Amino acid sequence: MSEAALEPALADPPGPPPFVPARPPRLWRARRFLRSFSPLPLLLGPVFHRDMRISARRKGAYAARFVVLAIPTVVVALVFAAMPTAYYGNGYGSAAARIQSLQDTAAAVATTVAWCQLVTLSLIAPLLTAGAVVEERAARALSVIAASPLTPGRIIGGLFTARMINLALLAVLPLPLILAIRTFGGLETSFILWSSAIAICSAVAMAAVGLWASTRVSRPAAAVSFAMLFLVVLWAGPPLYVLCEAALTGWRAP
């Protein structure tokens, strides 16, 4: 190559380096801060999808569904199987008397099913969340997830949301049975809604306690034990307080 061809190239000054800002603009930082409060990335992130695929294959999930559905079914079957003996053995001859007795029995059975739903969901909820963080730590997957761009809120939120979907499925399983009992009469829709809401709220509270205990202990059994102790205190605390107050006031009626 001749020297005349090299002279223009050597004469051209080098271009300016690309501009790299030291800090992102304020508007971009504000949008990123507001985006961190969005519920979809916080609750339905990659951790949620991974945990849903894993939890759907566990045998414990199928066992929990069977228990939640089998206990109310057995109770209803035993009660309604004994009803003809109660009718004809006690002299319920008229149709009006039998209909009234059927309505009373339906209300009692629905109350029993609601109590079974409350107890079973409150006991199963900490079992679903007690091993959420402990199992990830034992499998050495928590350090890999923590090294990803995901924030701690998205990790915990994804684990909690996946467990809550399984819990919601357990909560709606007895509803068709209760609605079938409602066809006999004597049972209001508000009772079904309120009983289901109380059971779901109690289950969500116990699931949150189990998840919190899972972040503090090193074994799932310890997290389950702490959640069960909290459940005992939560249920036995108010009656014990009432009894102590009544004992201090000389067992007088309020």
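Up top is the structure these notes are about.
Please read these numbers as outputs of a predicted model, since none were measured by experiment.

J.: Would you take a moment to explain the overall build of the protein chain for this structure?
T.: Summing up its helical and strand segments, the protein chain has 13 helices and zero strands in all. Written out in order from the N terminus, the α and β elements of the protein chain read α-α-α-α-α-α-α-α-α-α-α-α-α. Considering only contacts within the protein chain whose residues lie at least 6 apart along the sequence, 79% involve residues at least 24 apart. Of the accessible surface of the protein chain, which amounts to about 16500 Å², a share of 72% is contributed by carbon and sulfur atoms.

J.: What is the right way to read the pattern of salt bridges from this model?
T.: Oppositely charged side chains can pair when the atoms bearing their charge come close. Under the defined criterion, the tally for this structure stands at one salt bridge. The partner of D51 in a salt bridge is R163, with the nearest N and O atoms 2.4 Å apart. Note that D51 is positioned in helix 4 (residues 46-55) and R163 in helix 10 (residues 152-172), a separation of 112 residues in sequence. Across the pair, exposure class does not vary: D51 and R163 are buried alike.

J.: Please explain the packing of aromatic side chains as it appears in this structure.
T.: How two aromatic rings sit relative to each other is set out by the distance from centre to centre and by the angle between their planes. If you walk through the whole model with that rule in mind, you get one aromatic pair. Seen from their ring centres, W212 and F226 are 5.5 Å apart, and the 45 degrees between their planes marks the pair as tilted. Taken together, the positions of W212 in helix 12 (residues 189-214) and F226 in helix 13 (residues 220-248) put the pair 14 residues apart, joining distant regions of the chain. One cation-aromatic arrangement involves R65 over Y62; the distance from NZ or CZ to the ring centre is 5.3 Å.

Analysis parameters
Residues numbered from 1 in each chain as written. Predicted model: local features only at pLDDT ≥ 70, side-chain atom pairs only at ≥ 80, totals over all residues. Heavy atoms only, no water. Helix = DSSP H or I, 4+ residues; strand = E, 2+ residues; numbered from the N terminus. Contact = heavy atoms within 4.5 Å. Areas by Shrake-Rupley, 256 points an atom, 1.4 Å probe, with all protein chains shown as cover. Salt bridge = Lys/Arg side-chain N within 4 Å of Asp/Glu carboxyl O. Buried < 20%, exposed > 50% of the residue type's maximum accessible area, 1.4 Å probe, protein only. Phe/Tyr/Trp six-rings, centres within 6.5 Å; stacked < 30°, edge-to-face > 60°. Lys NZ or Arg CZ within 6 Å of the ring centre and 35° of its normal.

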